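# Chain and residue survey
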Amino acid sequence: LWIDPRGGVYFTDPAYSRKKEELELDGQYVYYVSPDKKVSKAADGFHTPNGIVGTPDGKLLYITDRRLGRTFRYAIGEDGTLTDKQLFFKVAADGMTLDERGNLYTTPREKKLRIFAPSGEELPAIELPVPASNACFAGKDRKTLFITTSKTLYAIRMSVTGQ
């Protein structure tokens, strides 16, 4: 999930272990809970929406489709609606986080964190001994990048601040 600057919440609902006939809904979507607690579909057309993160200014939202192997970027409207869907890169991720420069850190179930500039250009990766499942910046100054795997938590001191 990702909480926007207005207090609304975007969340994904992938159904990895359920069969299509077991699903309560007719598809897998991204949802938005507005600050006044109204729930709506924010985006559709996904096979398995998973990782999600937005920019601190609340203008862009990144959503990854795990099964499709793609990550998309949307513009966020004043009312929380998503428009201008663009393929950002051909990589899917379980988790994503952003730094102060707008670089997107992704956990693509590879032995590395893949990092993408706001332009979509791939930057040098952070190599790992095992595949990562999630990542976030934390700590007093938000300059520690925490990376989870199935059995380990890594902490890397960074020169950039996380968002």
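Residues numbered from 1 in each chain as written. Predicted model: local features only at pLDDT ≥ 70, side-chain atom pairs only at ≥ 80, totals over all residues. Heavy atoms only, no water.

### Considering the sheet that holds strand β4 (residues 39-46)
Within the open sheet, the 4 strands sit side by side as β1-β2-β3-β4. Their pairing is antiparallel. Strands at the two margins of the open sheet, each flanked by one partner only, are β1 (2-3) and β4. Pairing of strand β2 (residues 9-12) with strand β3 (residues 28-33) involves 4 bridges; the strand directions are antiparallel. Directly across from Tyr 10, in β3, lies its bridge partner Tyr 32. (Pairing = 2+ DSSP bridges. Helix = DSSP H or I, 4+ residues; strand = E, 2+ residues; numbered from the N terminus.)

### Observations concerning the layout of surface pockets
Put simply, the largest pocket is a space of about 320 Å³. What lines the largest pocket is a set of 19 residues, and nearest its centre among them are Leu 1, Ile 52, Val 53, Met 96 and Asn 134. Breaking the lining of the largest pocket down by element, the ones donating at least two residues are β5 (49-54), β9 (96-98) and β13 (134-138). Considering each element in turn, the lining of the largest pocket owes the most residues, 5 residues, to β5. Each residue belonging to the lining of the largest pocket can be placed in one class, and the counts come to 9 nonpolar, 9 polar and 1 charged. (1 Å grid on protein atoms, 1.4 Å probe; cavity = no way out; pocket = protein on both sides within 12 Å on 5 of 7 lines; lining within 4 Å. Points joined across faces, edges and corners; volume = space filled by probe spheres on them. Nonpolar A, V, L, I, M, F, W, Y, C, P; charged D, E, K, R; others polar.)

### So, the pattern of salt bridges
All told, the structure shown has 7 salt bridges when counted by the stated rule. Its salt-bridge partner being Arg 6, residue Asp 4 comes within 3.8 Å of it at the nearest N-O pair. The class for Arg 6 is partly exposed, based on a relative accessible area of 34%. As a salt-bridge pair, Arg 114 and Glu 110 come within 3.2 Å of each other at their nearest N and O atoms. Overall, Glu 110 belongs to the partly exposed group, its relative accessible area being 27%. One continuous salt-bridge network, built from bridges that share partners, spans Arg 66, Asp 94 and Arg 109. (Salt bridge = Lys/Arg side-chain N within 4 Å of Asp/Glu carboxyl O. Buried < 20%, exposed > 50% of the residue type's maximum accessible area, 1.4 Å probe, protein only.)

### Structural notes on the side chain of Thr 12
Along the chain, Thr 12 falls in strand β2. From its side chain, Thr 12 meets the backbone oxygen of Asn 50 in a polar contact 2.8 Å long. Leave out the neighbours within four places in its chain, and Thr 12 touches Tyr 29, Val 30, Pro 49, Asn 50, Ile 52 and Ile 63. (Polar contact = N/O pair within 3.5 Å; in protein donor to acceptor, adjacent residues only side chain to side chain. Contact = heavy atoms within 4.5 Å.)

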